[in-house]
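Chain residues, written in single-letter form:
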Amino acid sequence: MITLRDVSKTITEPDGSTRTLFDRLGFALRDDDRSVAITGRSGSGKSTLLRILAGLDTDFTGTYEHDGRVLERTPRRMAEHRLRHIGIVTQDHSLLGDRSVLDNVRLGVPARAGSTDRARDALEAVDIGHLAGKRPRRLSGGEAQRVAIARAIAKHPVVVLADEPTGALDETTEDGVLALFDQLQQAGTKFVIVTHSERVAQRCGRRLHLHHEQLIECGT
Ligand SMILES: Nc1ncnc2c1ncn2[C@@H]1O[C@H](COP(=O)(O)OP(=O)(O)OP(=O)(O)O)[C@@H](O)[C@H]1O
Ligand SMILES: [Mg+2]
């Protein structure tokens, strides 16, 4: 489905020194994967890896393949790929505070036609249809997280990339989000979830650990 081969990335620290973040890292999201957890220490590069998978970071060497075809590693080609196939839930939600919840979710749908219907369906799917007219800044952390998830799923992506999707939530709210992910997985959406939470990682079908610039498969 999605494969990264020999991905290497070096970053420049503020003091001018360089650090290797990934060294010929490999990753494959397979057709039969439903959920993959990625764990690793803070600063190990988990968010960066999700940004690469989302096509938001094209500053790396190596190849990105989709369904066996190598994608040209340009922002334009990767944006096209992302719009079609990938939903992303970022670590900080990135919601626009001065637009309604419905508008925020509509922004996740590439085609203007039908975007309102899709956005409403996505809000219903995550049980917050009643919040459509609210401003994100008036929402609780759990509600804002659901809006971010609704925005990610509104275009019916094949894959949802979620960065610490339950990081700011209490356990009950976390359980609600995880139940929602299970439901979406049953409907065919794949999830790649970056998490520090053992509870979240345990519920994923596969676990990968980012360590020493590599992704290591953990026993299931
Ligand atoms: N574009 C960039 N330029 C320079 N440094 C960067 C860039 N992006 C990320 N970094 C650095 O790369 C490292 C990895 O960052 P990243 O956000 O991917 O870590 P993380 O594993 O997600 O951490 P956390 O668990 O705290 O969210 C950090 O040291 C960060 O400062
Ligand atoms: Mg991160």
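Right above here is the structure, for reference.
Summary of the structure given here.

A surface patch of like charges, here positive, comprises Lys-134, Arg-135, Arg-137 and Arg-138. Assessed through its relative accessible area of 65%, Arg-138 is described here as exposed.

Now for the site of ligand 1. Neighbouring ligand 1 are 14 residues; Arg-19, Ser-42, Lys-46, Ser-47 and Thr-48 lie closest to it. Note that an oxygen atom of ligand 1 is positioned 2.7 Å from one of the side-chain N or O atoms of Arg-19. Ser-47 is positioned such that a nitrogen or oxygen atom in its side chain is 2.9 Å from an oxygen atom of ligand 1. Summarising the interface, the protein chains cover 62% of the accessible area of ligand 1, which totals 640 Å² for the free molecule. Of all the elements in the fold, those that place two or more residues in the shell around ligand 1 are β1 (2-12), β2 (18-29) and α1 (46-53). For the shell around ligand 1, the class distribution of residues is two nonpolar, nine polar and three charged.

Where a protein is soluble and globular, its nonpolar side chains tend to be buried together. In terms of nonpolar packing, the biggest core is built from 36 residues, with Val-105, Leu-123 and Ile-149 touching the most fellow members. Among the secondary structure elements, those contributing two or more residues to this core are α3 (101-106), α4 (115-125), α5 (141-153), β7 (159-163), α6 (171-186), β8 (190-194) and α7 (198-202). The dominant element in this core, judged by the number of residues it contributes, is α5, at seven residues. When residues no more than four places from it in sequence are discounted, the contact partners of Ile-149 are Val-89, Val-126, Val-177, Leu-180 and Phe-181.

Within this structure, the stated rule accounts for 17 salt bridges. Because the salt bridges share partners, they merge into one network encompassing Arg-30, Asp-32, Asp-33, Arg-206 and Glu-217.

With respect to topology, six strands assemble into an open sheet ordered β6-β7-β8-β3-β9-β10, the strand pairing being mixed. Among the strands making up the open sheet, the edge pair consists of β6 (86-89) and β10 (214-217). Neighbouring strand axes in the sheet, compared pairwise and without regard to direction, differ in orientation by 20 degrees on average. For β6 and β7, the ladder comprises four bridges, and the chain directions are parallel. Opposite Val-89, over in β7, you have Ala-162 as the bridge partner. Across the sheet, α1 touches β3 (35-40), β6, β7, β8, β9 (206-211) and β10, and the angle it forms with β7 is around 155 degrees.

Attention now goes to the packing of aromatic side chains. The final tally for this structure, using the stated rule, is one aromatic pair. The lysine or arginine in question, Arg-73, covers the ring of Phe-60, its NZ or CZ lying 5.0 Å from the ring centre.

Scoring rules and cut-offs
Residues numbered from 1 in each chain as written. Chains lettered and ligands numbered in written order. Predicted model: local features only at pLDDT ≥ 70, side-chain atom pairs only at ≥ 80, totals over all residues. Heavy atoms only, no water. Patch = residues over 30% accessible without salt bridge, like charges linked within 9 Å, V, L, I, M, F, W, Y side chains within 5 Å. Areas by Shrake-Rupley, 256 points an atom, 1.4 Å probe, with all protein chains shown as cover. Salt bridge = Lys/Arg side-chain N within 4 Å of Asp/Glu carboxyl O. Lys, Arg positive; Asp, Glu negative; His and termini not counted. Charge placed at Lys NZ, Arg CZ, Asp CG, Glu CD. Buried < 20%, exposed > 50% of the residue type's maximum accessible area, 1.4 Å probe, protein only. Near = heavy atom within 4 Å. Polar contact = N/O pair within 3.5 Å; in protein donor to acceptor, adjacent residues only side chain to side chain. Helix = DSSP H or I, 4+ residues; strand = E, 2+ residues; numbered from the N terminus. Nonpolar A, V, L, I, M, F, W, Y, C, P; charged D, E, K, R; others polar. Core = buried A, V, L, I, M, F, W, Y, C linked by side-chain atoms within 4.5 Å. Contact = heavy atoms within 4.5 Å. Pairing = 2+ DSSP bridges. Axes fitted to C-alpha atoms, helices over the stretch in contact; angles between N-to-C directions. Phe/Tyr/Trp six-rings, centres within 6.5 Å; stacked < 30°, edge-to-face > 60°. Lys NZ or Arg CZ within 6 Å of the ring centre and 35° of its normal.

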